[in-house]
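Here is what each chain is made of, one letter per residue.
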Amino acid sequence: MPKQDRVIVFDTTLRDGEQSPGASLNIDEKKAAARQLAELGVDVIEAGFPVSSPGDFEAVKSIAKDVRGPEICGLARAVKGDIEACWNAVKHSKRPRIHTFIATSDLHIEQKLRMTRQQVLDRAVDSVRFAARLTDNVEFSAEDAVRSDFDYLCQVIESVIDAGARTVNIPDTVGYSIPSEWGDKIRRLVDRVPNIHKAVVSVHCHNDLGLGVANSLAAIQNGARQVECTVNGIGERAGNASLEEIVMALRTRKDLFHLTTGVNTKEIARASRLISKLTGIPVQPNKAVVGANAFAHSSGIHQDGVLKSRTTYEIMNPSDVGVEESALLLTARSGRNGVQNRLKHLGYSLTAPKLEALFAKFKLLADKKKYVFDDDLLTLLDEEGRDASAETYHLDYMSTTSGTGIVPTATVRLRKKDEVLQEASCGDGPVDAAYRAMAKITGLAPELKDYALHSVSSGTDAQGEVVVKVEAQGLVVSGKGTSTDIVEASAKAYLNALNKIVSSRAGGRPAVAKRGM
Ligand code: KIV
Ligand code: ZN
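Since the model is a prediction, treat every value here as computed from it, not as a measurement.

Taken together, the residues surrounding ligand 1 are Arg15, Asp16, His99, Phe101, Ser141, Glu143, Asn169, Pro171, Thr173, His204 and His206. At 3.1 Å, a side-chain N or O of aspartate 16 approaches an oxygen atom of ligand 1. Considered on its own, ligand 1 offers 260 Å² of accessible surface; in the complex 94% of this is hidden by protein. Residue assignment for the shell around ligand 1 shows that the elements contributing at least two residues are strand 4 (96-103), strand 5 (138-143) and strand 6 (167-172). Counted by class, the shell around ligand 1 contains 2 nonpolar, 6 polar and 3 charged residues.

A few words on the side chain of threonine 167. For threonine 167, the position within the fold is in strand 6. Overall, the relative accessible area of 4% leaves threonine 167 in the buried class.

Taken together, Leu448, Tyr451, Leu453 and Ile486 make up a surface patch of nonpolar side chains, about 330 Å² in accessible area. In terms of residues, the nonpolar patch owes the most to one element, strand 14 (residues 447-456), which gives 3 residues. Along the chain, the position of isoleucine 486 falls in helix 17 (residues 486-505).

A word on the coordination of the zinc ion (ligand 2). Surrounding the zinc ion (ligand 2) are the protein donor atoms Asp16 (OD), His204 (NE2) and His206 (NE2), at 2.0 to 2.1 Å. Between the donor residues of the zinc ion (ligand 2), the gaps in sequence give the motif D-x187-H-x1-H. With aspartate 16 in the loop between strand 1 (8-11) and helix 1 (27-40) and histidine 204 in strand 7 (residues 200-205), this residue pair connects regions lying 188 residues apart in the sequence. For the pair formed by aspartate 16 and histidine 204, the shared burial category is buried.

Turning next to the pairing of strand 8 (residues 226-229). A two-sided burial pattern is seen for strand 8, the buried positions comprising Gln226 and Glu228 on one face and Val227 and Cys229 on the other. By the bridge criterion, 4 bridges tie strand 1 to strand 8 in an arrangement that is parallel. Of the residues in strand 8, the one forming a bridge with phenylalanine 10 is glutamate 228. Here 3 bridges tie strand 7 to strand 8, and the two strands are oriented parallel to one another. Paired with histidine 204 across the two strands is glutamate 228, which belongs to strand 8. In this region the chain leaves strand 7, passes through helix 8 (residues 212-221) and returns to the parallel neighbour strand 8; the handedness of that crossover is right-handed.

Right, let's get into the domain arrangement of the protein chain. When cut into domains, the protein chain gives domain 1 (8-279), domain 2 (295-321), domain 3 (322-385) and domain 4 (390-505). On a C-alpha basis, the centres of domain 1 and domain 3 stand 48 Å from each other.

Pairing in this open sheet of 3 strands is antiparallel, and the strands run 11-12-13 from one edge to the other. Looking at strand neighbours, the two that pair on one side only are strand 11 (394-401) and strand 13 (419-426), the edges of this open sheet. In this sheet, neighbouring strand axes are inclined to one another by 10 degrees on average, regardless of whether the strands run parallel or antiparallel. Sheet analysis places strand 12 (residues 409-416) next to strand 13, joined by 8 bridges and oriented antiparallel. By the bridge assignment, valine 412 is partnered in strand 13 with glutamate 423. Sheet strands in contact with helix 16 (residues 430-442) are strand 11, strand 12 and strand 13, and its direction is about 135 degrees off that of strand 13.

What counts, and where the lines are drawn
Residues numbered from 1 in each chain as written. Chains lettered and ligands numbered in written order. Predicted model: local features only at pLDDT ≥ 70, side-chain atom pairs only at ≥ 80, totals over all residues. Heavy atoms only, no water. Near = heavy atom within 4 Å. Polar contact = N/O pair within 3.5 Å; in protein donor to acceptor, adjacent residues only side chain to side chain. Areas by Shrake-Rupley, 256 points an atom, 1.4 Å probe, with all protein chains shown as cover. Helix = DSSP H or I, 4+ residues; strand = E, 2+ residues; numbered from the N terminus. Nonpolar A, V, L, I, M, F, W, Y, C, P; charged D, E, K, R; others polar. Buried < 20%, exposed > 50% of the residue type's maximum accessible area, 1.4 Å probe, protein only. Patch = residues over 30% accessible without salt bridge, like charges linked within 9 Å, V, L, I, M, F, W, Y side chains within 5 Å. Salt bridge = Lys/Arg side-chain N within 4 Å of Asp/Glu carboxyl O. Donors = N, O, S within 2.8 Å, 3.2 Å for Na, K, Ca; no water. Pairing = 2+ DSSP bridges. Right-handed = clockwise from strand over helix to strand, strands pointing away. Domains from an automatic or database assignment. Axes fitted to C-alpha atoms, helices over the stretch in contact; angles between N-to-C directions. Contact = heavy atoms within 4.5 Å.

Written out as C-alpha cells, the structure is:
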C-alpha cells in the first residue's frame, strides 16, 4: 500500500443511511442532502441503489448531474443488470463510481445466496470486470466480511483487484467485531493480499454493538484509507459508523493518527441538522459531536472551569463543528460565575452585592425549575431592581387549599417591619381567598380592575408572571409578581400593588398612574 496521510470519507447517508426504518427521502430531499454533503467536503457520495426503484434511479441520476465536487457512487449487486442500471445513473457525474458487492461469509453464501464459494468468487470477478469496462472507478465490497473465512476473503479481494477494483471494501455488515480484533484483521489482510497496493482498503462498520466508530478507527490505524459512514450515524438497524465522530476523532487526535480528511468540519452541525430534519430521525441529546448537549455544561464546577479556560472541559472547539458557542445551562448546580457570565451576555454588569442578592434568588428559583432561562434571569433582575426596603408589607408565608367540593381558603402571613400579621379567608378561588386575607391584614380593599397571567420562558415548570391593576379611591395602581406557583405569583402581584398604594398615601413617589393623568 502506498503511504497515504489522507483518509477518504465515503458518505453513505443517502444509501445505507436511507435504509434506516422510516427514513426514505424523495428526490428533492436527496438532492438537498447531497448538496450539503458536497459543502461538507466528503470525497464520495453514495447516492443510492439505482436498480432498487425507479425513484432511486432518478435520484442518483439527478444528483450525478447536479452535484459537483465529490464522486457520485451507486450501489449494485454483483449482477449485470444492477451494474448497468447503476452506470446509467452515475455516468452523468464528472466523477462516477460503481460500487458492486456480494456476500463472502459461508453463512450468507449458503443460507442467503445458495451458492458455492467458487461461484461467489467467479461472480465477484465477472462483475468487477464488467463494471471496469464502464469506468475505471470500481469499488468491490465483500458483504459480511467480518464473518467470512479469512483465507477465502483474501482470495476474493486479490481476485477482484486483479479484475480492476480500485477500492476494496471490508464491511462489518452486522457490527459484530471489536476494535482490536477488527484492526488486526485489516492489518493481516493488508499484509496477506499481494496486490493490495493497487487498491484503497476501505471499511464499512455497522453499529450493532455501539462500536462502529471504534472499529473504523482501529481499521484506519491498521492500513484502511477509506471509511464508509453516515451523518448522525443513521443506517440499517443500529446504524453505521458516524461520519462526524470519525472525522472529529481523526482531527482531535491528529497527534495519534497523523491523518487528515477533506471534510470542512464547520459544516458538520448544519449537515447533522439537515439530515435529521429530512429523515425525521432526531439526534439524541448526548450524541457525540452533534448532540444538543455535546457542548453544554451543567455543573457549576464545569461552568466555572470552561469560563476560565474552555479547554478544561472541552476537547473540541464548538465553532470547529459549526456550533456557535458552548452552552452553559443554568441549573441548581450552577455557580455565581455562570450566572454572572450569562448576565454579562445579556448586557448586565452587577456590583458584587447586587450579584450576591440576585444569586440568592436564582438559587431559590433553580431549586424549583430544571433550567433557568434568560427570561427568568431578566425577571429576577427586574424584581431585584425594585426597592424592597421601600415596601411596607412582605410576604412571609402563604397556604391555600382548593379543589372540587372544597371551599377555597387561604392563610396569609405578612411582615411589616418586626410585626407579623396573619389572616385567613375564604374566596371564590385560592387567588381570591389570598387577596381577601391580604385585604384584611392591610385594611386596604382596592377593586381589582385587571388580572393577567402569562408564562415567562418555556416548559411546564416555567415561571408564571401575574400583572394586576387595582383601583383605590381614584388611584389606579399596577403590581407584578412572578413564581413557578401561579397562586404565589398572583399574591405577590397583589401585594406589590398594595405596597404602592401605601407608599403613595404616605407621600412617597408613586410608581403608579393616577386615572386621568
Ligand atoms: O453493510 C454492508 O455490508 C453493506 C454493503 C452493501 C457494503 O452495506
Ligand atoms: Zn451497510
